[in-house]
Amino acid sequence: MKPLTEQEIRAAFVNCTKGEAKRLSVPRDLAERPWGNLDFLGWRDPQAPGRAYLATELDGRPVALALRCPSATSSQMRRSMCSMCMTTHTGGVSLMVAAKAGKAGQQGNSVGVYICGDLACPLYVRGKKDAGVGARLPESLTLDEKIQRTVVNLAAFIAKVTA
């Protein structure tokens, strides 16, 4: 993924108003992020624990989503699997909900996905971050195929939000 600037990220939100995008918290360390290992940039809002965001490139343009999620401290102690990257966690997968874009979102419609609570899916897939013993189940897929699966899963979720 190519590095994104704060302005590009704010302009890329598809499921919130321009005012909301202007006020939300964007990471200050964008220059230090491992962009070469990211399929999307995900972060939680330090001022609002029930908020998370993700930004990616889709068809050559930045797309970002505002998400609602349980606070980082409220986690279930059962093993769950992320539907983006297929990493299993004990208490580390959250149901994140995105308001749909446009009129549907204004009417309160939303779409949810079970995803790594820290939004570090690209790093788990590449082995750059460890989720613990048994987190990555043995697969016959190559690393490139696992990355592609994560990208396809993300694109499918974005398509549901923007539909």
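For the structure, see preceding data.
Conventions we followed
- Residues numbered from 1 in each chain as written.
- Predicted model: local features only at pLDDT ≥ 70, side-chain atom pairs only at ≥ 80, totals over all residues.
- Heavy atoms only, no water.
- Helix = DSSP H or I, 4+ residues; strand = E, 2+ residues; numbered from the N terminus.
- Rg over C-alpha atoms; globule rule 2.2 N^0.38 Å.
- Buried < 20%, exposed > 50% of the residue type's maximum accessible area, 1.4 Å probe, protein only.
- Contact = heavy atoms within 4.5 Å.
- Areas by Shrake-Rupley, 256 points an atom, 1.4 Å probe, with all protein chains shown as cover.
- Lys, Arg positive; Asp, Glu negative; His and termini not counted.
- Charge placed at Lys NZ, Arg CZ, Asp CG, Glu CD.
- Expected span 1.5 Å × (residues − 1).
- Phe/Tyr/Trp six-rings, centres within 6.5 Å; stacked < 30°, edge-to-face > 60°.

Here we look at the overall build of the protein chain
Okay, so step 1: The secondary structure content of the protein chain amounts to five helices and seven strands.
Okay, so step 2: Scanning the protein chain from its N terminus toward the C terminus, one meets helices and strands in the order α-α-β-β-β-β-β-β-α-β-α-α.
Okay, so step 3: Since a compact globule built from 163 residues should have a radius of gyration of about 15 Å, the 15 Å found for the protein chain is in line with a globular shape.
Okay, so step 4: Within the protein chain, the fraction of its 163 residues that count as buried is 44%.
Okay, so step 5: A separation threshold of at least 6 residues defines the contact pool for the protein chain, and within that pool the share at least 24 residues apart is 55%.
Okay, so step 6: By element, 53% of the accessible surface of the protein chain is carried by carbon and sulfur atoms, the whole surface being about 8700 Å².
Okay, so step 7: If you average the places of the 22 positive and of the 14 negative side-chain charges in the protein chain, the two averages end up 7 Å apart.

Some points on helix α5 (residues 143-162)
Okay, so step 1: Over its 20 residues, α5 runs 29 Å from end to end, which matches the ideal 28 Å to within 8%, given 1.5 Å per residue.
Okay, so step 2: Those residues of α5 that sit buried are Lys-146, Ile-147, Arg-149, Thr-150, Leu-154, Phe-157, Ile-158 and Val-161.
Okay, so step 3: Along its buried surface, α5 packs onto β1 (40-44), β2 (51-58), β3 (61-68), β6 (93-99), β7 (110-116) and α4 (121-125).

Observations regarding the packing of aromatic side chains
For any pair of aromatic rings, the description rests on two quantities: the centre-to-centre distance and the angle between the ring planes.
Okay, so step 1: Enumeration over the complete set of coordinates arrives at two aromatic pairs.
Okay, so step 2: Their ring planes at 90 degrees and their centres at 5.9 Å tell us that Phe-13 and Tyr-53 sit as a pair that is edge-to-face. One end of the pair, Phe-13, is in the loop between α1 (6-11) and α2 (18-23); the other, Tyr-53, is in strand β2, with 40 residues separating them in the sequence.
Okay, so step 3: According to the relative accessible area criterion, Phe-13 is buried, its value standing at 9%.
Okay, so step 4: Pairing Trp-43 with Tyr-53 gives two aromatic rings, centres 5.5 Å apart and planes at 35 degrees, and the pair type is tilted. Placement of the pair is Trp-43 in strand β1 and Tyr-53 in strand β2, with a sequence separation of ten residues.
Okay, so step 5: With a relative accessible area of 5%, Trp-43 lands in the buried category.
Okay, so step 6: Look at Tyr-53 and you get buried, because its relative accessible area is 5%.
Okay, so step 7: Linked through ring pairs, Phe-13, Trp-43 and Tyr-53 together constitute an aromatic cluster.

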